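# An overview of the molecular structure
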Amino acid sequence: AATRGVRFAGRLVDAPPAAMDPDAIVREAEAVVARLRATLASDGGAGATISSDVLRYDALKRGGFGGLVAVGDAAARDGREPALVHVKYTPPPPSGGESDARRVVALVGKGITFDTGGLQIKGKSGMPGMKSDMGGAAAMLAAFEAVCVLRPAHLRELHLVLCVAENAVGPAAFRPDDVVVPLSGRTIEVNNTDAEGRVVLADGVAFASGPIVRADDVIDMATLTGAQMVATGRHFAGIVSDDEAMERACEDAGRRSGDLCHALPYAPEFFTREFSSKVADMRNSVKDRSNAQASCAGQFIANHLDPGWGKKSSAGGGGGGDDDEGGGGLVKTRRWLHVDMAGPSTEKGSGRGTGYGVSLLVELLTGSFYR
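Below, the structure is looked at part by part. Here the structure is a predicted model, which is why all the values come from computation and not from measurement.

### Details of unusual backbone geometry
You will see that Arg151, though not glycine, has its phi angle at about 60 degrees, which is positive. The residue Arg151 is located in the loop between α5 (135–149) and β4 (155–167) in this model. Overall, the relative accessible area of 28% leaves Arg151 in the partly exposed class.

So, in structure tokens, the structure goes:
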């Protein structure tokens, strides 16, 4: 399953952007749902279920997904509307009626199908290859299918959230000095239209951690920053987490799977201030580009997690982590993991997609950390 997933993710990244536009990504996700439903039906499903929903431009506007709308607005006017794809896999409930201590996990992928840089446009050498800016979404989609095929009964629910848009140039393009209101409600002053991936992921993690999904663990993956390659190179992804055990488990999964990764600093007290704004809750790009840019970009995403993030909650409504017994029953701590795979997502020279991230997630989600 993992091998097929690696090839699948690589194929999506390699497709030309005219063919792999937002509509095509949605169709690929719908095909995955159809394949999983057929697989479940072929063996009776054993009580497992799969459901899906896709929000496009008008529904995104009504739902308050201001990040996806802003980034995808220019392309939407030409018919390439942004999308939020949500797929949910629910394994059979545990037998015996015991307390369900299994975790709800959400995989959130950045799916920028082509990145011109927006109005702060990339140069002639920087734009070629930007079809690969959907590598995070490709890896998440392929990993989700692979894990579901392996029947993750040790998980309570597995969610997939794809944040899909094209960062195009046009009359409707979002501008520097615009203020975007994403799903979290924490306003963003745009000071860099080429830092769009974190803006769409802000909507994704807010949705995954919010009341509809209420994930215990939110894992986002993205070709987010060139700074990741400065920090950890072309063969190691850079990871940021608010939970040390999750961070160690991801590094271990990387060594076992061959999708190598290395931890970057997690220090909100140092990095949040890099986004300070006089007119909004934050800007979308840092003031000091020498201050751990890759960590800062991850911190920007974390700033849009549910307001109750990091607080313990009962198992009945989500939560995860170190468990203890209290007056409200099983209590868990929620966890966040960010994977910046800008370097290892493509092969140097050829630019071909490597399928990075699929094996990492399959190993992490099916290994001992979640069992």
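### Section: helix α11 (residues 358–366)
One turn of the α-helix equals 3.6 residues, which is why residues spaced by three or four share an orientation. Burial of α11 is extensive: seven of the nine residues sit out of reach of the surface. Within α11 the residues assigned to the buried category are Val358, Ser359, Leu360, Leu361, Val362, Leu364 and Leu365.

### Topic: helix α10 (residues 293–302)
Of all 10 residues that make up α10, nine are buried, and the element is covered over most of its length. Turning to α10, its buried residues number three or more, namely Ala294, Ser295, Cys296, Ala297, Gly298, Gln299, Phe300, Ile301 and Ala302.

### Overview of empty space enclosed by the protein
Under the counting rule described, the total for this entry stands at one cavity of 30 Å³ or more. Put simply, the largest cavity is a space of about 30 Å³. Around the largest cavity, the lining residues are Ala9, Val13, Gly135, Ala138, Ala139, Met341, Ser345, Thr354, Gly355 and Tyr356. For the lining of the largest cavity, the secondary-structure elements that each account for two or more residues are α1 (2–14) and α5.

### Considering the sheet that holds strand β1 (residues 49–55)
With mixed pairing, eight strands are arranged side by side in an open sheet as β1-β2-β4-β3-β7-β14-β8-β9. Two strands bound the open sheet, and with one partner strand each, they are β1 and β9 (261–263). Mean inter-strand twist for the sheet, computed between neighbouring axes without regard to direction, equals 20 degrees. Across four bridges, strand β8 (residues 237–241) lies against strand β14 (residues 335–340) in antiparallel orientation. The residue bridging Gly238 from the neighbouring strand is Asp340, located in β14. Here helix α6 (residues 197–209) sits on the sheet and contacts β2 (83–90), β3 (103–115), β4 and β7 (217–222); the angle it forms with β3, its principal contact strand, is near 160 degrees. Lying over the sheet, α11 contacts β3, β4, β7, β9 and β14, oriented at roughly 170 degrees with respect to β7.

Rules of the game
Residues numbered from 1 in each chain as written. Predicted model: local features only at pLDDT ≥ 70, side-chain atom pairs only at ≥ 80, totals over all residues. Heavy atoms only, no water. Helix = DSSP H or I, 4+ residues; strand = E, 2+ residues; numbered from the N terminus. Buried < 20%, exposed > 50% of the residue type's maximum accessible area, 1.4 Å probe, protein only. 1 Å grid on protein atoms, 1.4 Å probe; cavity = no way out; pocket = protein on both sides within 12 Å on 5 of 7 lines; lining within 4 Å. Points joined across faces, edges and corners; volume = space filled by probe spheres on them. Pairing = 2+ DSSP bridges. Axes fitted to C-alpha atoms, helices over the stretch in contact; angles between N-to-C directions. Contact = heavy atoms within 4.5 Å.

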